[in-house]
Structure formats: C-alpha cells, structure tokens
There are 2 protein chains.
Amino acid sequence: MALYVHKYGGTSVGTVDRIRHVANKILQAKQRGDDLVVVVSAMSGETDRLLNLAKQIQDRPNPRELDVLLATGEQVTIALLCMALETLGCPASSYTGAQARILTDAAHTKARILDIDTSRIRKDLAQGKVVVVAGFQGVSEEGDITTLGRGGSDTTAVALAAALKADECLIYTDVDGVYTTDPRVEPKARRLDRITFEEMLEMASLGSKVLQIRSVEFAGKYNVPLRVLSTFVDGPGTLITYEDETMEKALISGIAFNRDEAKLTVEGVPDRPGIAAAILGPIADANIEVDMIVQNVAENDTTDFTFTVHRNDYPKALEILDKIKRDLGARRITGDDQIVKVSLVGVGMRSHAGIASKMFRALAQEGINIRMISTSEIKISVVLDEKYLELAVRTLHDAFELDKVST
Amino acid sequence: MALYVHKYGGTSVGTVDRIRHVANKILQAKQRGDDLVVVVSAMSGETDRLLNLAKQIQDRPNPRELDVLLATGEQVTIALLCMALETLGCPASSYTGAQARILTDAAHTKARILDIDTSRIRKDLAQGKVVVVAGFQGVSEEGDITTLGRGGSDTTAVALAAALKADECLIYTDVDGVYTTDPRVEPKARRLDRITFEEMLEMASLGSKVLQIRSVEFAGKYNVPLRVLSTFVDGPGTLITYEDETMEKALISGIAFNRDEAKLTVEGVPDRPGIAAAILGPIADANIEVDMIVQNVAENDTTDFTFTVHRNDYPKALEILDKIKRDLGARRITGDDQIVKVSLVGVGMRSHAGIASKMFRALAQEGINIRMISTSEIKISVVLDEKYLELAVRTLHDAFELDKVST
C-alpha cells in the first residue's frame, strides 16, 4: 500500500461541478487501495475577490489580517470537497493549515514552513479516511494564521509529502505535463516522461510556469518525486525526480524562453573593482529584478556592462542609469526592449561538449544574430531580437531532435 | 476604565462602507478611554451563499464540514474590520473562534460554549488594542471547528462579556432598542429604556425578534448587562438587566404577538391519565413544535384538548390527529389557522392583581372575542381571530398607557 499526496489547483476546483469531478478522481485513486492526502487551492477567482475587498479598505492591507482573510478561500474548498467525497461514500476529513499543524515562521503573506506535525493526519489515514488539507496556509508559533505566498499550495503539497514520506506527490493542473518547449510556438513539442529537479528549476524560472519554483526546490531538497499531470485529461504526466542511471539519456530536455526581457548596457565604464555594484546597487534599491548579467573583458581599461530586466521595468532602469552615468564615468547608456531570451536546458550537456557550438551554428544558419550569451552547468541562454523568437525555438527543437524520445 | 463587548450583526457589516462605519463607531468608543472587544457576524448574504454552495453538493451537508465552510464567513469580517480600524490609526487584532479559545462541545452546527480562555485577549487589551472576535464559532476539544447555530454571534458576545467580566455587552443591530410593541402595528409604541431578562425572554419568544433567546438566557445566567441599540442611529437603546429597586415601576413592559399560529382541538376525549401524551406524542414525533396547550376541566368524563402550532405545520398536524382520533376515543377534531396570539408581558403583574381582568375588559369593549387564554407569572397570552390583531394590540397599548413612561 502506497501513500500519495494529490494537489488540485484553483482551476481544478473552480466550480461545484469541478469539485465533484475531483472527488471522482480521488475515489478512483482510493479504490486502487492507496492512502491519499489531498491539498487544494481556493476556487479560482476567490482569492482575487477577497483581495479586492481588502484593497477597498486598505491600500496596503495589514499582512496579519490579509492572511486571516485569504485563508478562508482554501477553507471553503476543503469543506466542499469533503462533502463531495461523502456523497460518493468515501469518508474524508478536512484540515485547515492550522489544524494540520503546518507550523511556519511569522512572515505574513510569504511564510516559510518550519515543521509539520502529522500525527492527526496519520490517525485519519489509518482509519481509511481521505485527508483533505487547505493549501497555501499555515500557523505561526503564536497561533496566528499565515499564508505561503504565490504557488503556496504546491509548497504545502510537497511539504506534506516530505513529512509523510509519501511515495509520490501528484500536482494536478490544467496542462498534462512538462513539454520540451511551448506547443503554441513549436507544434512538435513533446511531453517529457521524466525531467530532473535541476532541469525543472531552469525551465520554470525561464517561463514554463507549470510549477512554482519554491515547491520544486523543496521537492528536490527532500527528494520527493513530483508528478505534474492534468485534472481534466487522463495520462501519466511528467515525473520530476533525481537523475538516475535508467533515465532517458537526453542531452537536452527542453527549450525555455522569455518574451518579457529588455537589456541595458553601460558602455565604456572604467574597469575597476566595485563598478558592478555601483551600477546594480541603485537598480536593486528601486526594487527592479535583474535577470542576466554579462560583462566582457576590458579594452583600454574600460568595459561594457550589460544586464536584462523585465520589460515593464525598462523605462525606470534607463532613467536610473542616466542619472548615475556621470558618477560611473560611463561613455554612454544604450538599451533595447525588443529582445527575448531563449535557453537550452539539459543535464546531459554537463558531460557533452559541443552543445553550445551546435546551438550557435543552428541559429546562424537561419540568419539569427545572437546579442548576448550566458551559460550555467545545465543551460545555455541567448538573447535575440524579439522577431526571431518562434524561428529560433523551432530551429533548436529540430536541431536537437527534441520531438524524438531518445537522442 | 471600563470594558465593553460590542456585537455587530450581518446587516451592520454587510458592505465595505458599513464596515468602515462600524470602525468609526469603535474608534469613538475607544477614544472615551475604554477597553473594547468586538464580535462580528458574517457579511449579510455570505452565510446563505456558502450554504447554497454546500447544498449544491450535498442535500444534508456533513455537519463537521458545514461548520468548516460557514466559519469562513465571520473570518472574512474580522480581517476586514481590523484593516478598517488600522486605517483609522486604531490598532486591532482579529481572532477566529478557535484562536479566541472559545471551547465548545462537539455538536456541530449547534454547539454549546463550554469555556473561554481569555488570556490572549487580555494581553492584547493590555497593549491598548481593540480585539475583534469572529462570532458564531468555536473549537471542540479535538480541535474541530464548530458553530453555535442561529443567532450564535449574540451568544459569542455574551459569553465573552461573561468570561471577561465586561461592564456591559452592547448588541448593535438595525433597530434602536426594544419597543413596547411593534411600531408598524401601533405607531405610539415606545422604546423601553430598561427591561428585565425575564420580560425580554417572553418578548423574544413571542415574536419580537431583536435578540436570540439563547443569548438572553446566557446573559441572565451570568448577570451580563445587555444593551440593544442601533448601528445606524445614535441613541441609548434598551438595557436588559435584572429587576432592581430603582427601575421604572411599570406593570406591563410590552405587548408581543405572533401571527403564524394555528390551533387544533381534540373534542370529547376520555378524561384519563396519559391522554395528553397520547395526543402530543405523535405530533412531537413528526417534529412539529407545540406552543400553547390548554385543557379545561372535564364534563361527563370527557374533555377538550387544544394546542397551537406554527401555521405551516397545521395541515400535517390535522392529518396526524385524524389518524389517531379513533384510538384516542375522541368525538371529533376541529381546528383554525386564522388565529393570532397576543401577549401582555411585565414583571409588574407578579405583584398586581387585576391585570388579567383589565385586559379582558378592554378587549371585550371592542367586541373582540377571546378564543384561548394561557398565563405565566409575567405574561398573559390570548388567542384571537386573526382579523382583530391590530385592533387588539392598539387597544391594550392604550389601556395600559404604554406610550407613557411611568404607569
């Protein structure tokens, strides 16, 4: 007998009919003889409704009270799902974050899970009940209600799976798995059967928004096998796990991309220690997140410093650089907000030379000019003119034969 | 420095604007230098919305899960009210029933409060905070969320006032106090400055639905002075307290009435022990609540047995009596669902003879025939034909000069 944690997001439980559908799926799983803990989000739209009520009263709602307010969203879902399970003859018990003893720090609206006391859940499981837990929420040592921030329900599911030593944590969502790239850009994109935690982290942070990064980190840290699959279409989904010997030996797992980038270059700054901090300090102070950073070797004691930001932050970043230009001793500031980032991701590239050159050659053959390059152990990212995005993704998908199962 | 418990019902916190209005009232009270604990209901309509969701899933929703669901209603209000108080510069902290340690039995949807641990509330009060508590809800010893049933927020307020030994419990509602009778029937009806717990119980159960009976019983038991007043119109309201020497010496406090009555008579049953039980047993088994019961002395070894029920239950009750008529040995069954009950209520009548005869004379002078009479220590109820209701109420209001302050 195995123990599984299921997680159903807001879309999956967005209406009474969908809650019934989820109850049916749970019943089927239960009838296979396994123990089940189910984590649910608020019904879609509910969190926004509550947030809107709060904002009508307070521009920046008090964080402690905001958590009290938002936590009601999941509390509604757990009760309704347990009722739906009971009508199917499947005994179930609901738990809020506090009742499930999901202990967090006191950082309201972005709390971190410290510990979970699973004794009451285990008792219910032993009695053959399905345990339904409110995602996204916990309780501080002082007894205050806390929430975990965006994607918190994924984190709840993974944390429960880790605490219960579950065999697998299944994240049910509206896509049927992780793809080699976005099928809207490359119709030949293929669902991956497996992917490593590290690859998933690179894919997620680069725009494949299937899973919240924090929950993947958490799953990796505690070695919880994660599976992403569809609530609405049956199928095996994609298993996210550690690399092992039996895994499909792909060089490249997928191609991630990000449309919302803009780049800024500080040209001809003196090549001296502290110059990077002098440039990025004021950017960080303005709460602008920096993605790629590239600095090449100096020529004539000056260098060019380039970084990318979210396209929305571009005008503000440009304004800041113009202000500090004189202090930096820079020759000029240039920028471009019509760029995209395309990344090859794959643990296989660790042990294989020639990936980068193959990538650059494939792009060159299509006349695509590379504006910036940045690499990590398991990824190569290039910045391109926006107009080349689709062509670049399809070209690389073909070049690395990602539509085929083994490379 | 005094300690007050305020309670605001669903209509008083029904919109964001009304929550702001309540926050302003609380701030004013706080600025008078007193400590404040505030109990709130769910925003009006919210409990029905949640109940409707549940009923779409389960005809008779699981009671434990229904409590989890309904408890979110008040949880939303406490958070929003604390935010509104903060925008006014008034520090406040919210507590769910569980967080306020309102310990109840495990009778879901109609739990009874067993104990309240007020240590955390007292700590917040000592720090100058307003404490905002979710009404209607508590927590069982097992840690399950419970609710107190209809009017539960009044009960929460009174229980907190008792546990904190508050100087007064103020119930803010949409009427500005308790009246000598319904002003829609008698425009000369007068707001009472004071009324005793016992009178209030008789008034409430007889249809003056200002306060939930349970909360009045509770307040009487723990001697918590209760004040009913309006959220929307300033004024002293009505204080509900024990009779004391300084109290206004009114014979009669008010006239309650109930339109929804129907009466049934079992005529000519043998006058033997157990006959009342034989008649009312099957009625109770059908979950029909009986209000007045009248049995007069026997003639020729048979008697007539009359009782009243809610008008909705009349056809069912008649059907039951027809079925058992033969077993009872009754001559015949008669009934009337076009009747009303009118009651004089007042602790003063304990020590004054002649109230009843004055009442009957006043009614007779207007040609109003009395169909049934039933009395208790502090009330006299008569059953009349429905058409006489308004005339009877105005006649009695005049006869006992209830529009004047002292009698």
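Remember, it's a predicted structure, so these values are computed and weren't measured experimentally.

1. A short note on the overall build of chain A
Secondary structure summary: chain A contains 11 helices and 18 strands in total. Summarising the internal contacts of chain A: among those between residues at least 6 apart in sequence, 74% fall at separations of at least 24.

2. Things to note about the relation of the copies chain B and chain A
You can overlay chain B on chain A at an RMSD of 0.1 Å; the transform is a turn of 180° with a shift of 0.0 Å along its axis. This pairing of chains is accounted for by a two-fold axis. If distances are taken from each C-alpha of chain B to the rotation axis, the shortest is found for Thr72 of chain B, at 2.6 Å. Mapped onto chain A, 96% of the interface residues of chain B again fall at the interface, so both copies present the same surface.

3. As for the interface of chain B and chain A
With 28 residues of chain B at the contact, the number on the chain A side is 27 residues. By residue number, the principal contributor to the side of chain B that touches chain A is helix α3 (residues 63–87) of chain B, which donates 14 residues. Along the lines of polarity and charge, the residues of the side of chain B that touches chain A split into 16 nonpolar, 9 polar and 3 charged.

4. Looking at the environment of Glu202 of chain A
Residues and elements named next belong to chain A. Residue placement: Glu202 occurs in helix α6 (residues 197–205). It is 21 Å that separates the C-alpha atoms of Glu202 and Thr156, two residues lying 46 residues apart in sequence. Setting aside residues up to four positions removed in sequence, Glu202 forms contacts with Ala256, Ser343, Val345, Ile378 and Lys379.

5. Some words on the domain arrangement of chain A
Each assigned domain of chain A is listed with its residue range as follows: domain 1 (3–174) and domain 2 (255–399). The distance between the C-alpha centroids of domain 1 of chain A and domain 2 of chain A comes to 39 Å.

6. Points about the sheet that holds strand β2 (residues 35–40) of chain A
Residues and elements named next belong to chain A. Taken together, the 8 strands give an open sheet; going across it, the order is β3-β6-β2-β1-β9-β11-β12-β10, and neighbouring strands pair in mixed fashion. Two strands lie at the open edges of the sheet, namely β3 (92–95) and β10 (194–196), each paired on one side alone. Direction aside, neighbouring strands of the sheet carry axes that sit 20° apart on average. Pairing of β10 with strand β12 (residues 238–241), which is carried by 3 bridges, proceeds in the parallel orientation. What sits directly across from Arg194, in β12, is Leu239. Against the sheet, helix α5 (residues 152–163) makes contact with β1 (3–8), β2, β6 (130–134), β9 (168–173) and β11 (226–230), and its axis sits at roughly 175° relative to β1, the strand it touches most.

7. Some points on the sheet that holds strand β10 (residues 194–196) of chain B
All names here are of chain B. With respect to topology, 8 strands assemble into an open sheet ordered β3-β6-β2-β1-β9-β11-β12-β10, the strand pairing being mixed. Both edges of this open sheet fall to β3 (92–95) and β10, since each of them pairs with a single strand only. Geometrically, the sheet is characterised by an average inter-axis angle of 20° between neighbouring strands, direction not taken into account. Sheet topology note: the strand β1 (residues 3–8)/strand β9 (residues 168–173) ladder contains 5 bridges and is parallel. Residue pairing for β9: Tyr8 is matched across the bridge by Tyr172. Set on the sheet, helix α1 (residues 16–31) makes contact with β1, β2 (35–40) and β6 (130–134); between it and β2 the angle comes to about 160°.

8. Here we look at the packing of α5 of chain A against helix α7 (residues 213–221) of chain A
All names here are of chain A. Where α5 contacts α7, the axes come no closer than 8 Å and their chain directions differ by 10°. Between α5 and α7, the interaxial angle falls into the category roughly parallel. Mapping the contact onto sequence places Asp154, Thr155, Val158 and Ala159 in α5 and Arg214, Ser215, Phe218 and Ala219 in α7. Here the residues of the contact of α5 with α7 are counted per class, giving 4 nonpolar, 2 polar and 2 charged.

9. Concerning the packing of helix α1 (residues 16–31) of chain A against helix α3 (residues 63–87) of chain A
Residues and elements named next belong to chain A. At a minimum axis separation of 9 Å, α1 and α3 run at an interaxial angle of 60°. Our classification of the angle between α1 and α3 gives oblique. The handedness of the crossing between α1 and α3 comes out as right-handed. Residues Ile19, Arg20, Val22, Ala23 and Ile26 of α1 form the contact with α3, whose own contacting residues are Leu80, Leu81, Ala84 and Leu85. Class assignment for the residues of the contact of α1 with α3 results in 8 nonpolar, no polar and 1 charged.

10. Some remarks on the pairing of strand β12 (residues 238–241) of chain B
Pairing between strand β11 (residues 226–230) of chain B and β12 of chain B: 3 bridges, direction antiparallel. Following the sheet pairing, Arg227 of chain B is matched in β12 of chain B by Leu239 of chain B.

11. Digging into helix α5 (residues 152–163) of chain B
Residue and element names in this part refer to chain B. Taking 1.5 Å of rise per residue, 12 residues should cover 16 Å, and α5 covers 16 Å from first to last C-alpha, within 8% of that figure. Most of α5 sits inside the fold, with 11 of its 12 residues counted as buried. Looking only at α5, the buried set comprises Gly152, Ser153, Asp154, Thr155, Thr156, Ala157, Val158, Ala159, Leu160, Ala161 and Ala163. Count one or two residues on from α5 and you reach Lys165, which has phi positive near 50°.

12. Topic: unusual backbone geometry
All names here are of chain A. Positive phi outside glycine occurs at Arg101, with the angle close to 55°. With 18 C-beta atoms packed within 10 Å, Arg101 lands in the partly exposed category. At Lys165, a residue that is not glycine, the phi angle is positive and equals roughly 50°.

13. Some thoughts on the pairing of strand β14 (residues 290–295) of chain B
All names here are of chain B. When β14 meets strand β15 (residues 302–310), the two strands line up antiparallel, connected through 4 bridges. Bridged to Val294 within β15 is Thr306. A loop of 6 residues connects β14 with β15, the two strands running antiparallel in sequence, and Asn300 in this loop sits at a positive phi of about 55°.

14. Points about the environment of Thr180 of chain A
Residues and elements named next belong to chain A. Structurally, Thr180 is set in the loop between β9 and β10. Take Thr180: there are 26 C-beta atoms within 10 Å of it, and that puts it in the buried class. For the pair Thr180 and Met203, spaced 23 residues apart in sequence, the C-alpha to C-alpha distance is 9.4 Å. When residues no more than four places from it in sequence are discounted, the contact partners of Thr180 are Ala189, Arg190, Leu192, Gly254, Ile255, His397 and Leu402.

15. Some points on helix α9 (residues 314–328) of chain B
Residue and element names in this part refer to chain B. Compared with an ideal rise of 1.5 Å per residue, which puts 15 residues at 21 Å, α9 spans 19 Å between its outermost C-alpha atoms and is within 8% of the ideal. The sharpest bend along α9 comes to roughly 30°, located at Asp322. Those residues of α9 lying buried are Tyr314, Ala317 and Leu321. On its buried face, α9 is in contact with β13 (254–270), α8 (275–285), β15 and β16 (332–345).

Conventions adopted
Residues numbered from 1 in each chain as written. Chains lettered and ligands numbered in written order. Predicted model: local features only at pLDDT ≥ 70, side-chain atom pairs only at ≥ 80, totals over all residues. Helix = DSSP H or I, 4+ residues; strand = E, 2+ residues; numbered from the N terminus. Contact = placed C-beta atoms within 7 Å. Least-squares fit on C-alpha atoms with pLDDT ≥ 70 in both. Nonpolar A, V, L, I, M, F, W, Y, C, P; charged D, E, K, R; others polar. Domains from an automatic or database assignment. Pairing = 2+ DSSP bridges. Axes fitted to C-alpha atoms, helices over the stretch in contact; angles between N-to-C directions. Parallel < 35°, antiparallel > 145°, perpendicular 65-115°, else oblique. Left-handed = near helix turned anticlockwise from the far one by under 90°. Expected span 1.5 Å × (residues − 1). Buried ≥ 20, exposed ≤ 12 C-beta atoms within 10 Å, placed from the backbone. Bend = angle between axes of the 7 residues up to and from the residue.

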